[in-house]
Amino acid sequence: KDKFDFTSNVEGSDDFSLGGGEKHKLGNLVEGVYTITESQKEGYVLTDIYCDDETAEINLETGTATVNVSLYEDITCTFTNEEVQLIVKKVFVGDEEANADDFSFTVDKQGEVPPVGYQFEADGTNLITGLANGAYTVLEDSAEGYVTIYSSDQPGEGNQDNCNNIPVDNGNGPYTCTITNTKQ
């Protein structure tokens with residue numbers, strides 16, 4: 001099982017790693033404010049941090065939980081990660097002014113309706129999680145004024161020039177679908 005690395009500002013505490021369902025106790029704490037940070041792990045997306053303390057401050061972007069520990073208080077924080085199953089990238093050619101997050105796309109599992117819609121992230125890379133095993137097709141919503149070309153790194157002869165039937169199953173991939181828009 002994969003391990004995730006953590007750091008904290010607890011004096012005398014070493015960095016630690018945890019796998020799914022594992023726990024680590026930071027002991028002998030005096031009253032004060034403490035941070036626990038999970039390092040980003042390639043192939044995973046941190047989707048939630050939950051602490052059973054109302055005053056906890058959560059920052060998913062940095063992977064940090066900040067807690068204010070009172071005397072004799074026990075606080076439990078749970079970090080939830082999901083495995084990346086599909087990567088969708090947006091590339092522009094001949095249009096330096098374009099913003100990826102002005103565009104959207106769908107991911108459609110073969111034989112299931114309706115497809116799921118996504119807005120592109122500002123950096124043009126979306127890490128898709130939570131997909132059931134199966135074959136998926138990625139399709140960009142209308143990109144007026146552009147010529148659109150699809151490519152992927154999925155295995156199989158002839159599969160690199162499209163984003164159709166991309167296999168998603170636990171243990172393989174994730175595969176990347178790249179959508180290139182060339183300004184007309």
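Note: the structure precedes this text.
The structure contained in this document is the topic of the report that follows. (Residues numbered from 1 in each chain as written. Predicted model: local features only at pLDDT ≥ 70, side-chain atom pairs only at ≥ 80, totals over all residues. Heavy atoms only, no water.)

A word on the overall build of the protein. Across its full length, the protein carries zero helices and 15 strands. The buried share of the protein, reckoned over its 184 residues, is 35%. Restricting to contacts in the protein with at least 6 residues of sequence separation, those with at least 24 account for 63%. Approximately 11400 Å² of the protein is accessible, and the part contributed by carbon and sulfur atoms is 44%. Each charge sign in the protein was given a centre, from 9 positive and 35 negative side chains, and these centres are 6 Å apart. (Helix = DSSP H or I, 4+ residues; strand = E, 2+ residues; numbered from the N terminus. Buried < 20%, exposed > 50% of the residue type's maximum accessible area, 1.4 Å probe, protein only. Contact = heavy atoms within 4.5 Å. Areas by Shrake-Rupley, 256 points an atom, 1.4 Å probe, with all protein chains shown as cover. Lys, Arg positive; Asp, Glu negative; His and termini not counted. Charge placed at Lys NZ, Arg CZ, Asp CG, Glu CD.)

Right, let's talk about the environment of Asn181 for a bit. Inspection of the secondary structure assignment puts Asn181 in strand E15 (residues 175-183). Judged by relative accessible area, Asn181 falls into the buried class, the value being 0%. Taking C-alpha positions, Asn181 is 4.7 Å from Thr148, a pair spaced 33 residues apart along the chain. Other than its neighbours up to four places away in sequence, Asn181 contacts Lys90, Val91, Phe92, Val93, Glu140, Ala143, Tyr146, Val147 and Thr148. A distance of 3.1 Å separates polar atoms of two side chains, one belonging to Asn181 and the other to Glu140. (Polar contact = N/O pair within 3.5 Å; in protein donor to acceptor, adjacent residues only side chain to side chain.)

Okay, the state of the cysteines next. Enumeration over the complete set of coordinates arrives at two disulfides. Across the disulfide from Cys51 sits Cys77; the S-S distance is 2.1 Å. In this structure the cystine formed by Cys51 and Cys77 twists about its S-S bond by roughly 110°; its chirality is therefore right-handed. Of this pair, Cys51 sits in strand E4 (residues 44-51) while Cys77 is found in strand E7 (residues 77-83), placing the two residues 26 residues apart along the sequence. (Disulfide = S-S within 2.5 Å.)

Moving on: the sheet that holds strand E10 (residues 116-119). The sheet built from four strands is open, its strands ordered E10-E9-E12-E14 with antiparallel pairing. Here the strands that pair on one side only, and so sit at the sheet edges, are E10 and strand E14 (166-168). If you compare each strand with its neighbour and ignore which way they point, the axes differ by 35° on average. Pairing of strand E12 (residues 134-140) with E14 involves three bridges; the strand directions are antiparallel. Bridge pairing links Ala135 to Pro167 in E14. (Pairing = 2+ DSSP bridges. Axes fitted to C-alpha atoms, helices over the stretch in contact; angles between N-to-C directions.)

This brings us to the nonpolar core. Soluble globular proteins tend to pack their nonpolar side chains together in the buried interior. Within the largest apolar cluster, 21 residues are counted, with the highest numbers of intra-cluster contacts made by Leu86, Val88 and Val138. Of all elements in the fold, only strand E8 (86-93), strand E9 (104-109), E12, strand E13 (146-152), E14 and E15 reach the threshold of two or more residues within this core. Looking at this core element by element, the count peaks at three residues for E15. If we ignore the near neighbours within four places in the chain, the residues touching Val138 are Leu86, Val88, Phe105, Thr106, Val107, Tyr150, Cys163, Ile166, Cys177 and Ile179. Counting 17 residues, the second-largest nonpolar core is a separate cluster that includes Phe16, Ala65, Val67 and Val69. (Core = buried A, V, L, I, M, F, W, Y, C linked by side-chain atoms within 4.5 Å.)

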